[in-house]
Amino acid sequence: METLVLSPASSAAGTIKLPGSKSISNRTLLLAALAEGTTHIRDLLASDDTARMLDALKILGVPLDQTAQNNWKVTGQGGAFRVKEADLFLGNAGTAFRPLTAALAFSGGHYTLSGIPRMHERPIGDLVEALRQAGADIRYLSNDGYPPLEISPAAITGDKVSVKGSVSSQFLTALLMAAPLSGRELRIEVVGELISKPYIEITLNLMARFGVTVRREGWQAFIIPANSHYTSPGELWVEGDASSASYF
């Protein structure tokens, strides 16, 4: 039997480049797609989650051009998606499935969203219930509270929704990013303690980069002003994934 001997190292030196953050990558792709103008995204993470988001945006009619290995040019739609009927397969990409559910619910079209069996075991009921409070028309195609989903055109008339803060911060992120598509002032209230606050900070900061400033009452309520719309910042660099740095 061969033996591998690892001798202790007294020092290490070198330079590494961290991959882009998954959370920032998919948020940026969706906001760029909804914005007015063209966004050049640098250092986008290459992963299954971003691949599923890119595939979905292409189906939804968003012009996408890969300009380098991890760089993309996204031509924004200036609001809701123009393709009003589509079937989207999103694998196991939660960072694509949740925000797209909210954005499509406010896009006035007919869509189905599905994934691999594991995705169909991941709960989405709290997000769907919040969207229904705003007037969205969403139907479960299998088990209540879980994907796959069917979204139908609906009039978004609600001005206040509530969502649990203890389940997943992705639900609040999805609502925040989709809210400007309604054209109305929307107040989002968090029920209970909000988990993963830094991820909400990421969402709010990126929305501000795209021209939408959210008013907030601590971590309990977020108000998106009426007639908000996203505008491209022109160029955006995706930060390296700090959690990946922990390995080094």
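The rules behind each value
Residues numbered from 1 in each chain as written. Predicted model: local features only at pLDDT ≥ 70, side-chain atom pairs only at ≥ 80, totals over all residues. Heavy atoms only, no water. Helix = DSSP H or I, 4+ residues; strand = E, 2+ residues; numbered from the N terminus. Contact = heavy atoms within 4.5 Å. Axes fitted to C-alpha atoms, helices over the stretch in contact; angles between N-to-C directions. Parallel < 35°, antiparallel > 145°, perpendicular 65-115°, else oblique. Left-handed = near helix turned anticlockwise from the far one by under 90°. Nonpolar A, V, L, I, M, F, W, Y, C, P; charged D, E, K, R; others polar. Pairing = 2+ DSSP bridges.

Let us now look at the environment of Met 119. Following the sequence through the fold, Met 119 ends up in the loop between strand S5 (110–114) and helix H4 (125–133). Through-space distance from the C-alpha of Met 119 to that of Phe 97 is 9.0 Å; in sequence the pair is 22 residues apart. Those residues in contact with Met 119, other than ones at most four positions away along the chain, are Gly 91, Asn 92, Ala 93, Gly 94, Phe 97 and Pro 147.

Let us look at the packing of helix H1 (residues 22–34) against helix H3 (residues 94–105). It is the contact of H1 with H3, at a shortest axis distance of 10 Å, that shows an interaxial angle of 30°. In terms of axis orientation, H1 runs roughly parallel to H3. For the pair H1 and H3, the crossing hand works out as right-handed. For the pair H1 and H3, contact is made by Lys 22, Asn 26 and Leu 30 and by Thr 95, Ala 96, Pro 99, Leu 100 and Ala 103, respectively. Along the lines of polarity and charge, the residues of the contact of H1 with H3 split into five nonpolar, two polar and one charged.

The strands making up a sheet associate through hydrogen bonds between their backbones, and the pairing can be parallel or antiparallel. Read across the open sheet, the four strands follow the order S8-S9-S11-S10; overall the sheet is mixed. The open sheet has two free edges, formed respectively by strand S8 (160–164) and strand S10 (215–217), since each of these has just one partner strand. Going from strand to strand, the sheet's axes swing by 20° on average, the running direction of each strand aside. Direction of pairing for strand S9 (residues 186–191) relative to strand S11 (residues 221–224): antiparallel, over a ladder of four bridges. Residue pairing in the sheet places Arg 187 in a bridge with Ile 223 of S11.

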